[in-house]
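Notes for the structure review
Single-letter residue listing:
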Amino acid sequence: MARIGVFGGTFNPPHLGHLLCAEAAAEQLGLDRVLFVPTAVPPHKPVVDDPGGEVRADLVEAAVAGDERFAVSRIELLRAGPSYTVDTLRELRSAHPDDELTLIIGGDMALSFHGWREPESIVKLARLGVVEREEIDDDTIRRALSGLGRARIDFFSMVRCDISSTLVRRRAAEGRSLHYLVPEAVASQIEERRLYRLS
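Residues numbered from 1 in each chain as written. Predicted model: local features only at pLDDT ≥ 70, side-chain atom pairs only at ≥ 80, totals over all residues. Heavy atoms only, no water.

Some remarks on helix H8 (residues 184-193)
- For H8, the set of buried residues is Val186, Ala187, Gln189 and Ile190. Down the axis of H8, the buried set is contained in an arc of 165°. They therefore lie on one face.
- In this fold, the buried residues of H8 make contact with helix H2 (53-64) and helix H7 (165-173).
- Two residues or fewer past H8, Arg194 is found with a positive phi of approximately 55°. (Buried < 20%, exposed > 50% of the residue type's maximum accessible area, 1.4 Å probe, protein only. Helix = DSSP H or I, 4+ residues; strand = E, 2+ residues; numbered from the N terminus. Arc of directions from axis to C-beta. Contact = heavy atoms within 4.5 Å.)

Right, dumping it as structure tokens:
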């Protein structure tokens with residue numbers, strides 16, 4: 001049995017904060033692998049300045065290359081319609097019935113978890129790996145997740161990182177350096193493909 005972390009997001013583009021989060025989850029939760037799952041069609045909001053799901057997946061591939069703990073799944077890109085986490089977890093569970101899945105989410109996302117599609121099913125399919133945030137204490141998150149049956153919740157912490165994909169896209173649009181914000185391989189692809197440029 002392998003312990004697999006499932007880390008979903010638009011990753012538009014992936015940055016060092018994403019990698020720090022995945023590494024912290026792997027180390028503190030004892031995960032054998034973290035699977036990055038780029039979203040195809042987010043159900044609640046559109047992807048801003050979207051270069052396309054396949055391009056975003058390529059950027060994630062570049063970001064995680066060389067770290068054997070990390071892998072990329074295009075499972076949501078291959079499925080039509082909105083990308084619901086519960087559908088992804090069902091597919092992963094069907095393909096890997098012996099593995100233990102841990103869904104990696106931020107503390108802020110945990111507070112809105114009841115609004116997700118089939119949250120009760122999600123917590124049956126996977127443990128929840130919740131990254132702690134200074135402004136949200138663990139008890140508040142536990143209360144927010146109460147009523148979901150026997151939700152298995154593991155908390156982990158990460159180095160504070162204020163890098164955002166919005167910041168990276170803005171700097172790329174302005175033709176500014178992305179060094180120390182994204183892996184060099186991601187910066188190179190953004191430059192070569194002229195992604196996020198205004199013109």
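Re the packing of aromatic side chains
- One pass over the full model with this rule turns up five aromatic pairs.
- On the numbers, 5.3 Å between centres and 55° between planes, the contact of Phe7 with Phe36 is tilted. With Phe7 in strand S1 (residues 3-9) and Phe36 in strand S2 (residues 33-38), the pair connects residues that are 29 residues apart, well separated along the chain.
- Residue Phe36 is classed as buried on the basis of its relative accessible area, which comes to 1%.
- The structure contains a cluster of three or more aromatic residues connected by ring pairs, namely Phe7, Phe11, Phe36 and Phe70.
- The ring of Tyr84 has Arg117 sitting right over it, with the charged end atom 3.8 Å from the ring centre. (Phe/Tyr/Trp six-rings, centres within 6.5 Å; stacked < 30°, edge-to-face > 60°. Lys NZ or Arg CZ within 6 Å of the ring centre and 35° of its normal.)

Here's the deal with the pairing of strand S4 (residues 100-106)
- With respect to burial, S4 is a largely interior element, seven of its seven residues being buried.
- Side chains Glu100, Thr102, Ile104 and Gly106 project from S4 onto one buried face, and the interleaved Leu101, Leu103 and Ile105 project onto a second face that is buried too.
- Pairing of S1 with S4, which is carried by four bridges, proceeds in the parallel orientation. By the bridge assignment, Val6 is partnered in S4 with Leu103.
- Two elements, S4 and strand S5 (residues 127-131), share five bridges in a ladder whose sense is parallel. The residue bridging Leu103 from the neighbouring strand is Leu128, located in S5. (Pairing = 2+ DSSP bridges.)

Concerning the side chain of Thr102
- By the secondary structure assignment, Thr102 is in strand S4.
- Taking the relative accessible area as the measure of exposure, Thr102 reaches 1% and is therefore buried.
- The contact partners of Thr102, leaving out residues within four places of it in the chain, are Ile4, Gly5, Val6, Leu29, Leu31, Ala126, Arg127, Leu128 and Gly129.

Quick notes on H7
- Restricting attention to buried positions, one finds in H7 the residues Ser165, Val168, Arg169, Arg171 and Ala172. The buried residues of H7 occupy one face: seen down the axis, they fall within an arc of 165°.
- Buried-residue contacts for H7 involve helix H1 (16-29) and H8.
- The first or second residue beyond H7 is Gly175, which carries a positive phi of 70°.

Overview of the sheet that holds S1
- A sheet is described by the order of its strands in space; here six strands give the open sequence S3-S2-S1-S4-S5-S6, paired in parallel fashion. Two strands bound the open sheet, and with one partner strand each, they are strand S3 (70-72) and strand S6 (153-156). Neighbour-to-neighbour, the strand axes of this sheet turn through a mean angle of 30°, independent of strand direction.
- In terms of strand pairing, S5 meets S6 through four bridges, oriented parallel. Across the sheet, Leu128 pairs through a bridge with Ile153, a residue of S6.
- Sheet strands in contact with H1 are S1, S2, S3, S4, S5 and S6, and its direction is about 120° off that of S6.
- This element, helix H3 (residues 85-95), spans S1, S2 and S4 of the sheet and lies at about 155° to S4. (Axes fitted to C-alpha atoms, helices over the stretch in contact; angles between N-to-C directions.)

Looking at the environment of Pro46
- Assignment of secondary structure puts Pro46 in the loop between S2 and H2.
- Residue Pro46 is classed as exposed on the basis of its relative accessible area of 68%.
- Taking the C-alpha atoms as reference points, Pro46 and Thr10, separated by 36 residues in sequence, lie 9.7 Å from one another.

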